[in-house]
Amino acid sequence: MKASLSETARVRLFITIGGVLIALFMIGDLELLPVELEAAYLTNRLFVQLPLVVALLAFTFHPRFPEFRQPAFLLTVMALTYANYYLIYLCWARAGFSFPYEGTLLYAFFGFFVLGMAFRYAVALMLFSSVGFSALMVAHPVYGNFTLISAGFVLASLFIGVIGRHRLDYLLGQLQAANEELVRLSTTDALTGLSNRRALMSESETLFAVLQRSEQPVAVFMLDLDFFKQFNDRYGHQQGDRAIRIQADLLRSVFRRQTDVLGRYGGEEFLVVAPGMSEPECRARAEEILRGWQAQALANEGSPGGCTLSCSIGICQGSASDFSSLNHVIHCADEALYQAKHGGRATYVFAASADHDRAPLAVARDAGVAS
Ligand SMILES: Nc1nc2c(ncn2[C@@H]2O[C@H](COP(=O)(O)OP(=O)(O)OP(=O)(O)O)[C@@H](O)[C@H]2O)c(=O)[nH]1
């Protein structure tokens, strides 16, 4: 599998590339500079600018780098920019040489787009860089007749860079929101708002693995509406949808613990994985659900089971470590549900919890009907 670089490793790579670029520019700059400026230039680049890059690189190894990365980027790029301003001043003051200012812009754009400076830090960099450059131009006519246009070019470029950073942040924000919505849509059942089967299985697998490792009890409930086909046929699909939503709301109100995982398993079938739930607690929850349906008193005339819509529940409860897999527990709960259906419906049935591997459902251990 292809390993992707972590964000910090990526930043380290970019900082290193930045350092290499500074070193490469030195070759070009030395060709351009009068000989008497070379020593000052090399001192500035080798003993100020490159060490600043190395210091930033070293800081990426500090445990608090993620927390302080933005101020660190700002300070470093600011320091590099002002070191460049000093170089421009020095070349002008010592030899009347107009050292190019474009490198300053490269630093800013490197900060904005490669290091990914946050918008407010980018604005701070733009302001500090603009003030420094303007002050330099006012104090020293380094670029002669080109002073004004040079200042305009620097200020406009910094401004455009900041706007670009803002636009990028905005678009990335929209992309992130769209991604989050896609994840929500792909994991949620549109009718009930509960987890859909894919998300339900994924959450349940994760939970079950934890419970298995820590040898904790687990309870799995399989719930299915009774004679739902007749209900749909008689009252229509919309009423059927409403009944499914009622079941979802009922489950939400009964399984309220944050650790309970519940979702729509398919059609009118629901699955609940409740960690750490004891048998009496399971019984209480199941009875609450059955009573809930009794209270709804949703007519289902013509069904062989009676005149109101009801629900059957299969429960498998035991130590998670006694089961080979989550599928195994679900299978046991499904078998118990089958027993509930054949035992008259509107009831709950416990699967036997011992020796699951050998006998997925040894006996339907207990059954109950809401009183
Ligand atoms: N309205 C509606 N009906 C659905 C939905 N999903 C599945 N169904 C219906 O649910 C019914 C399930 O019927 P069966 O599996 O035969 O089960 P049943 O009639 O409830 O019988 P028992 O489970 O044996 O009590 C089918 O008629 C499906 O069309 C849904 O999202 N909305």
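Rules used in this analysis
Residues numbered from 1 in each chain as written. Predicted model: local features only at pLDDT ≥ 70, side-chain atom pairs only at ≥ 80, totals over all residues. Heavy atoms only, no water. Core = buried A, V, L, I, M, F, W, Y, C linked by side-chain atoms within 4.5 Å. Buried < 20%, exposed > 50% of the residue type's maximum accessible area, 1.4 Å probe, protein only. Helix = DSSP H or I, 4+ residues; strand = E, 2+ residues; numbered from the N terminus. Contact = heavy atoms within 4.5 Å. 1 Å grid on protein atoms, 1.4 Å probe; cavity = no way out; pocket = protein on both sides within 12 Å on 5 of 7 lines; lining within 4 Å. Points joined across faces, edges and corners; volume = space filled by probe spheres on them. Nonpolar A, V, L, I, M, F, W, Y, C, P; charged D, E, K, R; others polar. Domains from an automatic or database assignment. Phe/Tyr/Trp six-rings, centres within 6.5 Å; stacked < 30°, edge-to-face > 60°. Lys NZ or Arg CZ within 6 Å of the ring centre and 35° of its normal. UniProt positions renumbered as here; feature names shortened; annotations may be inferred.

Caption draft 1: The nonpolar core, seen in detail. Judged by nonpolar contacts, the single largest core of 45 residues is most densely connected at I88, F99, L125 and F133. In terms of residues, this core owes the most to one element, helix α3 (residues 65–95), which gives 11 residues. With residues near it in sequence (within four places) discarded, F133 still touches Y85, Y101, Y143, S150, A151 and V154. In terms of nonpolar packing, the next biggest core, distinct from the first, is built from 32 residues, L225, I244, L251 and W293 among them.

Caption draft 2: Seen up close, the layout of surface pockets. Estimated volume of the largest pocket: approximately 450 Å³. For the lining of the largest pocket, the secondary structure elements donating two or more residues are α1 (7–32), α2 (35–59), α3 and α4 (102–114). The element best represented in the lining of the largest pocket is α1, accounting for seven residues. Residues belonging to the lining of the largest pocket are distributed by class as follows: 15 nonpolar, five polar and three charged.

Caption draft 3: View of the domain arrangement of the chain. By the assigned domains, the chain splits into domain 1 (7–184) and domain 2 (197–368). Spacing between the C-alpha centres of domain 1 and domain 2 amounts to 62 Å.

Caption draft 4: The arrangement of the packing of aromatic side chains in detail. Tallying each qualifying case throughout the model produces 16 aromatic pairs. Put simply, the rings of Y82, Y85, Y101, F133, Y143 and F153 touch in pairs and so form one group of aromatic residues. One cation-aromatic arrangement involves R12 over F61; the distance from NZ or CZ to the ring centre is 3.8 Å.

Caption draft 5: View of the UniProt feature "transmembrane region" (unreviewed entry) in the chain. This chain's UniProt record puts "transmembrane region" (unreviewed entry) on residues 12–34, 71–92, 104–123 and 143–164. The span residues 143–164 shows a helical share of 82% and a strand share of 0%, and its end C-alpha atoms are spaced 28 Å apart.

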